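Breakdown of the fold
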Amino acid sequence: MAYPFPNAMEIPPADTLSPIEQIAHNNALAYTLRNNDTQQGLLISQRNYAKAVELSHPRSVVETLYTLGVLYTCLPNFESALQYLFDALENSRASLLPDIEMKVLRWIGIVYNRTDVQVMALDYFHQSHILAEKIEDFAYSAQSLRNMGAIYMNSYKEYERAIDHFSQAWQYQEIAGETDKIELGVTLRNLGELYMAMKDYGKAQEKFAQCLEYFDIAGDITGYNMTKMNLARIAFEQGDVVKAFRIYLRILHAAYKYDYWSGKIWVNLAIGDLLNKQCKWQKALEYLEPSLVTAESLSLSGVLADIHEQLAHAHENIDQYDKAVYHLHQHIIHKKKTTDEELKQVRANLQKGFDLERAHQEAEIYRLKNVELARMNDENEKLLLNVLPAAIAQRLKRGETLIAESFSNVTVLFADIVGFTKLSAIHTPAEVVNLLNRIFSAFDVFSEQYHLEKIKTIGDAYMIVGGLPTPYPHSAKAVAMMALEMLQTINLLSKTLESSLQVRIGIHVGEVVA
């Protein structure tokens, strides 16, 4: 396997390119470095952005914002990624650049997927797919379909839906005459991973062998090694431990040769795990300890929890109980830290997305009206919306004084915390208020996602409705989805608390007067 690492800063600009063409050339170059040399790609794009702004060329500005968002996603720095991507989304829509907008939508979905907000990820992937189909960019539509298939495979375990999406993605790539070896390789790898999850190892190996050829030609280190790791796992599952070990060692050799830090961590960990399962405890330590050193240097709590768990297992079996206890303790610490960080990251990225979209909407108001008038109007709007649903607030602004209507198809959800009185007795008031704030803030996010109206919260009770003030024929489904999200949220929060939480939910559909 050859690893071509182009040093972007050593590639001279083409003398025949105009300044605008040079920006496009540099953005394409930075994008190709997203997996192999992200920092170098960022240097190129940051310089590119200054030139694009100086030229005041809308496409160049939007392309560079998008490229920066992609690179920060791969770094990963999701907060910065969302900032650049939402800026690119706003500018692509304002400049009527759907070919860039569809890419931005997909990468916003990638950010949400990597932070485990699959509902929003699917929404953005779907928007990207629809827009790509509309402008007949079937190659890019295939990428969005592939992303959706991966969520159905990995998060929801809906293998039939996953294979439908992957197969359609491959068909679209054939229709488009796709030549990008990395994109073709990723689709094949996804199909291989799906067959591996379904225990169809023969088909999985066939797909992995095909995608390795594409990754080899393209010089995609990440794709190549991820595929090799999958082949090693299949070999182990089939009982061929020697073959699995040899594959891991080859990947590890390349990781050290090309300073591939992710490979150093994950392959050493995989080998350590394999040796532990073979009861070769002392040998396992030789691979787990270097994995620990690299992961600690990068402060990667998630993988540190796994490494410490394997180290504790190895030390325990060679009677080094003090070290075993130490690593078990570290495993628990990093596991809890990872859970807390993931919850914070999910909430932060959700809030970031809503804040950025809201900011873009407000910016549109400022462009259309006088700044001071817009500010006053915004304050009045917020005051009204704080106490009234948006549709009712609009009717009041139009001068209506008596507002009462009959709604024939409304879904009402009422929920409260099981055992809340007992819970309140063993916690301080501040702790109870903080807990309710965490729960209801999460519920509020999902009520917005499903376009439901929060009516009120009283103590530990939470009430929302679907189908009013704006009638909605599928309100029952939206409320049911909201209820499932509430249950999942309570389960996630329970993992961070000493005592478990349960929520009681009631749903009714019928006619109301409001």
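Residues numbered from 1 in each chain as written. Predicted model: local features only at pLDDT ≥ 70, side-chain atom pairs only at ≥ 80, totals over all residues. Heavy atoms only, no water.

**Description of the pattern of salt bridges**
- Scanning all chains against the criterion turns up 10 salt bridges.
- Arg161 is paired through a salt bridge with Glu158; the nearest N and O atoms lie 3.4 Å apart.
- The class for Arg161 is partly exposed, based on a relative accessible area of 40%.
- For Lys283, the salt bridge is made with Glu286, and the minimal N-O distance between the two is 3.3 Å. Placement of both Lys283 and Glu286 in helix H14 (residues 281–297) is noted, with a separation of three residues, approximately one turn of the helix.
- Judged by its relative accessible area of 37%, Lys283 falls in the partly exposed class.
- By sharing partners, the salt bridges in this structure join Arg59, Glu63 and Asp99 into a single network. (Salt bridge = Lys/Arg side-chain N within 4 Å of Asp/Glu carboxyl O. Buried < 20%, exposed > 50% of the residue type's maximum accessible area, 1.4 Å probe, protein only. Helix = DSSP H or I, 4+ residues; strand = E, 2+ residues; numbered from the N terminus.)

**Quick notes on the environment of Ala132**
- Residue position: Ala132 is located in helix H6 (residues 118–134).
- Judged by relative accessible area, which is 0%, Ala132 ranks as buried.
- Placed 34 residues apart in sequence, Ala132 and Pro98 show a C-alpha to C-alpha distance of 8.1 Å.
- Residues within four places of Ala132 in sequence aside, it is in contact with Met102, Asp137, Tyr140 and Ser141. (Contact = heavy atoms within 4.5 Å.)

**Considerations on unusual backbone geometry**
- Looking along the chain, the bond that leaves Leu75 and enters Pro76 is cis, with omega of 0 degrees.
- For Pro76, the position within the fold is in the loop between helix H3 (58–74) and helix H4 (78–94).
- One non-glycine residue, Ser56, lies in positive phi territory at about 55 degrees.
- Using a relative accessible area of 58% as the deciding quantity, one classes Ser56 as exposed.

**Focus on the sheet that holds strand S2 (residues 453–458)**
- A sheet is described by the order of its strands in space; here four strands give the open sequence S2-S3-S1-S4, paired in antiparallel fashion. Looking along the sheet, the strands with just one partner apiece sit at the ends: S2 and strand S4 (503–513). Between one strand axis and the next, the sheet turns by 20 degrees as a mean value, whatever way the strands run.
- Where S2 and strand S3 (residues 461–466) come together, five bridges link them in antiparallel fashion. (Pairing = 2+ DSSP bridges. Axes fitted to C-alpha atoms, helices over the stretch in contact; angles between N-to-C directions.)

Read these as spatial facts, not as claims about activity.
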